[in-house]
Every structure is written in C-alpha cells, then in structure tokens.
Amino acid sequence: MQKFNTLKSIPVYLPIVNIDTDMIIPKQFLKTIKRTGLGKNLFFEMRYDDQGKEIGDFILNQNPFNNSKILIAGKNFGCGSSREHAPWALLDFGITCVISSSFADIFYSNCFKNGILPIVLEEEKIKELSEYANRKEEISVDLNENKIVYGNNEIKFDVDKFKKKCLLEGLDDIALSLKKSEKIENFEKDLKNQKPWIFND
Amino acid sequence: MPNTLYDKIWNDHLVDLQDDGTALLFVDRHLVHEVTSPQAFEGLRNSNRKVRHPNLTLAVADHNVPTTDRSKGISDKESKIQVETLEANCKEFGIKLFGMNDKRQGIVHVTGPEQGFTQPGTVIVCGDSHTATHGAFGSLAFGIGTSEVEHVLATQTLVQKKAKNFRVNVNGKLPLGVTSKDVILQIIGKIGTAGGTGCVIEYAGDLIRSLSVEQRMTICNMTIEGGARAGLIAPDEKIFKYLKDRPMSPKDKDWDKAMEYWKNLKTDEGAKFDKEIDLQAEEILPMITWGTSPQDVITIDEKVPNPQNEKDEDRKNSLERSLNYMGLKPNMAAKDIKIDKVFIGSCTNGRIEDLREAAKILKDKKIAAHVHAMVVPGSGLVKEQAEQEGLDKIFVNSGFEWREPGCSMCLAMNADKLKPQERCASTSNRNFEGRQGRGGRTHLVSPGMAAAAAISGNLDDVRKYQN
Ligand code: SF4
C-alpha cells in the first residue's frame, strides 16, 4: 500500500450530500477483476453524457480540478454498498484524501485500506475550505501533525492512532494480523472444544 | 454487568484487543460471491497465502448470473469472466461453491440461511453490505470490503472496532396488509439513512418476536439502509426450528450442544443501550419510497413532498434533485404514480413467503396491460418450492415472467435492467439513482404492494386487494 504523509493540492468541491457508492462508480464497472483502471469512470453518470462525451460543466472535468488530489464533499459520503471499487476509483483518479462532515462506516474503513485518508470536519469548516476550491488555491494535509493548512490558518483533525500508523507506514493489515498467529491458533483450539459445531468437521 | 446480545457475541469472538480498542475478531462464517472477491484471491496469490479455513467459507455466484435460460451460458463477456474467475478461485483454494447450474445456487443471503450455514451467535461476513440479513438468526453479520475479504480468507479474523448499541422496539400488531418491509421502511424513514451510523441495531419488542424467520430477515436486511453496521434479533424457537436438519446445521450431539449455547443468546435485563427508539405497529401503514434515498418514504395514502415547504437549503436542493430525477411533481398523490415495471425478488424479498404474499394478491387477476413484471426467486430451492406450490402458475397466469434465481434487477448487473426514465415498483432495497439501470426510477415496496401496483398499473394500496 502507498504511504500517506503530506499532501498538497487544489481541492475539488462537490456540494452534494449522500454521495453513494453507485454515484462514485456505477455498477457496470464492477465487473472488472482488477483493482486499477477505474479512475476514468469515477462519477461516470455525472461526468459523461449519453454519448459518452465529457460534460464540461461537471467540476471534475475542469482544469485544475481534474488533477485534484483532495475531494471535499457533502455529508454522509460513501453511503450505499460495501464495494471497494469506490475507493479504488477515487485512488485511480488520483484522489487520496476526502473531506466531509460524515462518512458511511464501510467506505470510511475501506479508504484506509487503500491509502486514502478520509477526514471528518464540521460543516462550517467544510464551507471555509470549499472557498479554497472555488478560488483554486492549494491547501495541504499533514497526517503526521493531524492538520490541514490553508492560507494562514490551520485545522486539526482526528484520526484513529492505529489507522494513522498504517497509513504513514503503508502497512498491510494482513501481515500485521498474521503476527498474532499464535493468538489465533489458541482461539481456534478453545473454539473446537467449546463450540465443536462451528468447524463442521 | 448486564450485556446486550451484541456485546456477548463480540466478547465471544475476541482474539485480541489492543489498548486503543482495535480488536481482532474471529470470523465463523465467510460468504463469498463473484463481484467482490476476485481482487482478494489475486492478493492471496500475489503474497503466497492460503485460505485459512476453506470449511468456514461458502461461495456462490449471484450478482451477474442471467435469469433466463442458463443452458446458453452467460453472453456478457465481463460477467462471464467474473463468474468463471470465482469458479477457478474456489477450485484453487478448496472452497465449496454452488455453481450457476446447481439447484442450491441463489442470492448469497438467501442461500446461507437456507443451507444452515448461517447460525446464531456466529460472526458472519461477506463482501456485500446486505450481509446484515443474517442478523435475523441472532448472529453478528456485516458487510466488508474486498481488502477485508482477503484478510478473512488469509487469517479467518477481522480487524474491527466496537460499535454502539442501538435498540429499536416495535410492539403491537400490524394492520392487515402491512408487512415487515413496511416496518423497516418506516424505521429508516424515522432514523434516516445515517441514523444508525456507528451502531449495531437490535430489533426487539413483541411485534418482532411475532414475525416469521423470513420476515425478520427482511428487517435485518435493510438495516444497512439505516446506516448501521449490522442488525440483529435474539434467536428463539422459530429460528431453532428453521435450522433443524438443514444441510449445514449442526447434527446429533453437536446440535444439542449448540442449542444449549443458542438459548442464552439474548440481551440481559438492564443492559445499557446508547440509543433507543420505539414504534407502535398499529401505526405502520403500507409504505412506498418516492425519492432516491431509502429514507424518502411516505405511506400509500400520502403525497410526494413539496420542496417549497423546506426551510433548510441543503434539504430543499436534495428534494428537488430527487423529484427531478424521479420525474415527479411536488404534492402528487402516491396513488397517481404510474409504473412501467414490477420487480419481485432480491435478498430483501425473494424468499418463499414473499412469493406467497404476492401470489395471494395476484391469484385470478391480470396485471395492467402496459406493465412488464417479473419474479426472480431468491434461490433455486425457493424456485422449486414455489413451483411445487403452484405459485409460478399464478404469476404466469397474471402476466408475470417467472425467472431463474439471482440478484437480477435489484442492481442490474445482468441483462435485467430499467431503461432511462422507466419506473419500477420493486421489492428490493435500494432506490439510488441508476440502481436498477441508468436513469431508471425505483419505488421500494413490499411484495404485496408490488403485486397491487402490477394489477392497477400505478402504485396502489395492497389493502384494496386483500380477500
Ligand atoms: S439481491 Fe440486491 S442487495 Fe441483495 S445481494 Fe443481490 S444485489 Fe445485493
């Protein structure tokens, strides 16, 4: 997994609430058996018309927002399905940080597993930051220091310590859990004694 | 200290707990389907890892499979590759799979319970948000992403943080024609799609206890639409009876031992909930969704909302956007909404009782001439059962198409989909933009309401057709 440290970019602002995973990546693109290549279909229905041509009005089709690494969006971002294609599509497009006043649970945790930092801020702060998107000014995100720097201001944000460590070091969850193999084995031994029906054998 | 049912299952599955609350949870049952697993298996292969417990894993292809004649195979190239990739992966890693032509094949959340793979007190995961369905058995069941699928395959555990306890009590008796689908739509309307965020919901109260196993599944299934991680109901005799002698249920001595454990799976008197709401069943009416979020519910007697009455700017815009997408006028009566299609099926309402409920309304009636309607049973076994009961004939005689099992038009990954601006009364669980096909318009309803809409040609009150 790609490490996340600091990030500087002109943010793109999508002032829509309840952006669901079907909007992020519609299901016709879920048939892939790969993780990459989904970026061109991110927000497909809003980005392209019926003929498959880019809709110029849509913000992600406009320069410089087509190169944004930071997405600011309305509340309840990522609701809907558990599919990881949503963060894969964001990542493939180049977005590695999403800022909203709230996220759907599964999407939130899927972000961390793919090197994307989701940041929860109050609505007011979101409005303030969105001004930078409107003015096409850069903001920067510093995960080490848990802060966003914009103009002469900064905002602190919260992030789970363990998740932060994994992002900073690009750690793979599975390797970390396998370090606890002994504990897993002991658990399984007890389970076999106490609930023999679980193993079906 | 008194514990909730969720607390108990959680505690019983802790492999490890870090100081910051990050837990490693043992997973008893892992369901796998073709859409969210290929990248997970690829990950295993790339890092030379094996599946830790193939026995605790069950796979089935459901999202992409055609619901018409299966003997011709899958015509869509990408769907075909995905289904074949699942077959190859299951073979390579030694996982049991119900292939497309297996009678036991079906929607993963219908198949699991049907086989007795789903059991009380277990932790069940699947790369699919509607895994919450299995909570009806008193299991902690939730959806995971593909990275987590890989994690579970490799370690049989999952990294989790504990959620909050939320209890929804429903007491009383439901009016005639009102079903558990209306109950859950009402609940979502009340708490909103983010109302359950960060929580596990336990459904309790005498109405919930009076529901059949399948009706409970409908409620737990849509818990995710209320934003919660999982929904569960304490298991009781109905659950035990349902599970007895299912192919993968515990047998003989193991059954007795399991029963001893299962009987104690309930929330202790005095256990603390972070959140609690109460509903009175008598007040629940047949519901429909009018908009593009499952919280956009009204009763069949009501009118579509008017954005002009909203003070909150965001809310107003979102109402306008939904109405516009749905092609509806403010203040329009629900019953004036004309429909083009009807879909009965999905992991919410594709089980035998759902089909019976719809068939009861459709018996000796014809659907409106302009309506195209289909039934897609939740599994091959549901289909077989329905055919034994003659339900297929009732559907076909009324003008419905009788299809092969799968997810079908619930999410339109196979050939079954709405055309732009087509309007559908659907028994599925999501009415998001484009969910049932690009530009398609979905109204979520119960199976009985779907049948009533098919007959009338517009959204209508199922109570009108009750005998
Ligand atoms: S029926 Fe619909 S909601 Fe259920 S698993 Fe299939 S696609 Fe998902």
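Keep in mind that this is a model prediction, so the values were computed, not measured.

## Quick word on the overall build of chain A
A count of helices and strands for chain A gives 8 helices and 8 strands. In terms of principal-axis extent, the alpha carbons of chain A reach across some 65 × 45 × 25 Å. The buried share of chain A, reckoned over its 201 residues, is 57%. Counting every atom, chain A has about 8900 Å² of accessible surface; 46% of that belongs to carbon and sulfur. Looking at charge distribution, chain A has the averaged site of its 29 positive side-chain charges lying 3 Å from that of its 30 negative ones.

## A few points about the overall build of chain B
Within chain B, the secondary structure is distributed over 16 helices and 19 strands. Whereas a compact globule of 467 residues would reach a radius of gyration of roughly 23 Å, chain B reaches 21 Å, a difference of no more than 12%. By principal-axis analysis of the C-alpha atoms, chain B measures approximately 55 × 55 × 45 Å. Per-residue burial for chain B yields a buried fraction of 66% across its 467 residues. In chain B, the proportion of contacts linking residues at least 24 apart, taken out of those at least 6 apart, comes to 76%. When the accessible surface of chain B is split by element, carbon and sulfur atoms take 47% of a total near 16300 Å². Distance between charge centres in chain B, computed from 62 positive and 64 negative side chains, equals 2 Å.

## Concerning the environment of Gln18 of chain B
Here Gln18 of chain B is to be found in the loop between strand S1 (14–17) and strand S2 (22–26). Residues Gln18 of chain B and Asp392 of chain B, 374 residues apart in the sequence, show an inter-C-alpha distance of 54 Å. With residues up to four places along the chain from it excluded, the contact list for Gln18 of chain B reads Phe162 and Lys180 of chain A.

## Description of the pairing of strand S4 (residues 57–60) of chain B
All names here are of chain B. Neither face of S4 is open: one carries Thr57 and Ala59, the other Leu58 and Val60, and all of them are buried. In this structure, strand S3 (residues 29–32) lies alongside S4, joined through 3 bridges in parallel fashion. The residue bridging His30 from the neighbouring strand is Thr57, located in S4. As a crossover connection, the stretch from S3 through helix H2 (residues 38–46) into S4 is right-handed. Summarising the sheet, S4 and strand S5 (residues 96–98) pair through 3 bridges and their orientation is parallel. Paired with Leu58 across the two strands is Lys96, which belongs to S5. In this region the chain leaves S4, passes through helix H3 (residues 77–93) and returns to the parallel neighbour S5; the handedness of that crossover is right-handed.

## Topic: the interface of chain A and chain B
A common way to state how big an interface is: give the accessible area lost once the parts meet. Between chain A and chain B, the contact holds 59 residues from the first and 75 residues from the second. Together chain A and chain B conceal approximately 5500 Å² of surface at their shared face, both sides included; 52% is due to carbon and sulfur atoms. At the surface where chain A touches chain B, the tally comes to 13 salt bridges. Residue Lys113 of chain A pairs with Glu148 of chain B through a salt bridge whose shortest N-O separation is 3.3 Å. Our count for the contact surface shared by chain A and chain B stands at 28 residue pairs in polar contact (both at pLDDT 80 or more).

## As for the confidence of the model for chain B
Caution is warranted with low-pLDDT regions, since their predicted coordinates should not be read in detail. Per-chain confidence: chain B averages 96 in pLDDT, with 100% of residues scoring 70 or above. Interface predicted TM-score (ipTM) for the complex: 0.94; the corresponding pTM is 0.90.

## Thoughts on the pattern of salt bridges
For side chains of opposite charge, pairing can occur when their charged atoms come near one another. Residues and elements named next belong to chain B. All told, the structure shown has 41 salt bridges over all chains when counted by the stated rule. Salt-bridge contacts for Lys72 lead to Asp69; the nearest nitrogen and oxygen are separated by 3.4 Å. Residue class for Lys72 comes out exposed when judged on its relative accessible area of 68%. On the accessibility criterion, Asp69 (41% relative accessible area) is partly exposed. Close ionic contact of Lys383 with Glu404 constitutes a salt bridge, the shortest N to O distance being 3.1 Å. Taken together, the positions of Lys383 in helix H14 (residues 380–388) and Glu404 in the loop between strand S17 (401–402) and strand S18 (423–426) put the pair 21 residues apart, joining distant regions of the chain. Classification of Lys383 by relative accessible area gives buried; the value is 14%. Note on Glu404: relative accessible area 25%, which makes it partly exposed. Several salt bridges converge on common partners, so that one network encompasses Asp301, Lys335, Asp461 and Arg463.

## A few points about the side chain of Thr299 of chain B
Inspection of the secondary structure assignment puts Thr299 of chain B in strand S14 (residues 297–299). Leave out the neighbours within four places in its chain, and Thr299 of chain B touches Leu285, Pro286, Met287 and Ala334 of chain B.

## Comments concerning the site of the ligand
Neighbouring the ligand are the residues His63, Ile107, His109, Asp128, His130, Ser346, Cys347, Cys407, Cys410, Leu411, Asn429 and Arg435 of chain B. Within the shell around the ligand, the residues separate by chemical class into 5 nonpolar, 5 polar and 2 charged.

## Side note on the nonpolar core
Judged by nonpolar contacts, the single largest core of 91 residues is most densely connected at Val170, Ile187, Tyr203 and Trp262 of chain B. Here this core gets 6 residues from one element, more than from any other, and that element is helix H6 (residues 180–191) of chain B. Contact partners of Ile187 of chain B, with chain neighbours within four places excluded, come to Val168, Val170, Tyr203 and Leu279 of chain B. Counting 85 residues, the second largest nonpolar core, distinct from the first, contains Met23 and Val98 of chain A together with Val371 and Val445 of chain B.

## Describing the packing of aromatic side chains
For the structure on display, the rule yields 18 aromatic pairs over all chains. On the basis of an interplanar angle of 75 degrees and a centroid distance of 5.3 Å, the ring pair of Tyr108 of chain A and Phe112 of chain A is categorised as edge-to-face. Of this pair, Tyr108 of chain A and Phe112 of chain A both sit in helix H4 (residues 105–113), 4 residues apart, which is roughly one turn of that helix. Residue class for Phe112 of chain A comes out buried when judged on its relative accessible area of 6%. Members of the aromatic cluster, each reached through a chain of ring pairs, are Phe77, Phe103, Phe107, Tyr108 and Phe112 of chain A. We note Lys192 of chain A situated over the ring of Phe199 of chain A; from NZ or CZ to the ring centre the distance is 4.7 Å. Sitting over the ring of Tyr242 of chain B, Arg246 of chain B keeps its end group 3.9 Å from the ring centre.

Basis of the calculations
One numbering rule holds for all chains: residues counted from 1, following each sequence as written. To label them, take the chains in the order written and letter them from A, then take the ligands in the order written and number them from 1. Where local features are concerned, this predicted model is filtered to residues with pLDDT of at least 70; where side-chain atom pairs are given and counted, the filter is 80 or more; whole-chain, interface and lining totals use all residues. Based on all heavy atoms of the structure, the side-chain values leave hydrogens and waters out of the count. Here a helix means four or more residues in a row that DSSP labels H or I, a strand means two or more in a row labelled E, and each is numbered from the N terminus. Each residue's exposure class comes from its accessible area (1.4 Å probe, protein chains only) as a fraction of the maximum for that residue type: buried when under 20%, exposed when over 50%, partly exposed otherwise. Only the protein chains shown count as covering a residue, and every accessible area follows the Shrake-Rupley method with a 1.4 Å probe. Here Asp and Glu are counted as negative and Lys and Arg as positive; His is not counted, and neither are the chain ends. To locate a charge, the coordinates of NZ of Lys, CZ of Arg, CG of Asp or CD of Glu are taken. Each radius of gyration reported is based on C-alpha atoms, and the globular scaling rule is 2.2 Å times the count of residues to the power 0.38. Contacts: residue pairs with any heavy atoms within 4.5 Å of one another. For two strands to be treated as a pair, DSSP must find at least two bridges joining them. Here, the term right-handed applies to a crossover whose path from the first strand over the helix to the second runs clockwise when the strands point away from the viewer. Accessible area that two parts lose when put together, evaluated with a 1.4 Å probe and summed over both, is termed the buried area. What makes a salt bridge here is a side-chain nitrogen of Lys or Arg within 4 Å of a carboxyl oxygen of Asp or Glu, nothing more. Pairs of N or O atoms within 3.5 Å make up the polar contacts considered here, provided that, within protein, one atom can donate a hydrogen while the other can accept it, and that residues adjacent in sequence are counted only when both atoms are side-chain atoms. What pLDDT expresses is the predictor's confidence in each residue, scored from 0 to 100. For this purpose, a residue is taken to be near a molecule or strand whenever a single non-hydrogen atom of the residue falls within 4 Å of it. Throughout this entry, Asp, Glu, Lys and Arg are counted as charged residues, while Ala, Val, Leu, Ile, Met, Phe, Trp, Tyr, Cys and Pro are counted as nonpolar. The remaining residues, Gly among them, count as polar. The nonpolar core is taken to be a set of buried Ala, Val, Leu, Ile, Met, Phe, Trp, Tyr and Cys residues, with the residues joined through side-chain atoms within 4.5 Å. Side-chain rings of Phe, Tyr and Trp (the six-membered ring for Trp) are treated as a pair once their centres are within 6.5 Å; stacked means planes under 30 degrees apart, edge-to-face means over 60, and tilted covers the remaining angles. Two conditions define a charge located above a ring, namely a distance within 6 Å from the ring centre to NZ of Lys or CZ of Arg, and an angle within 35 degrees of the ring normal.

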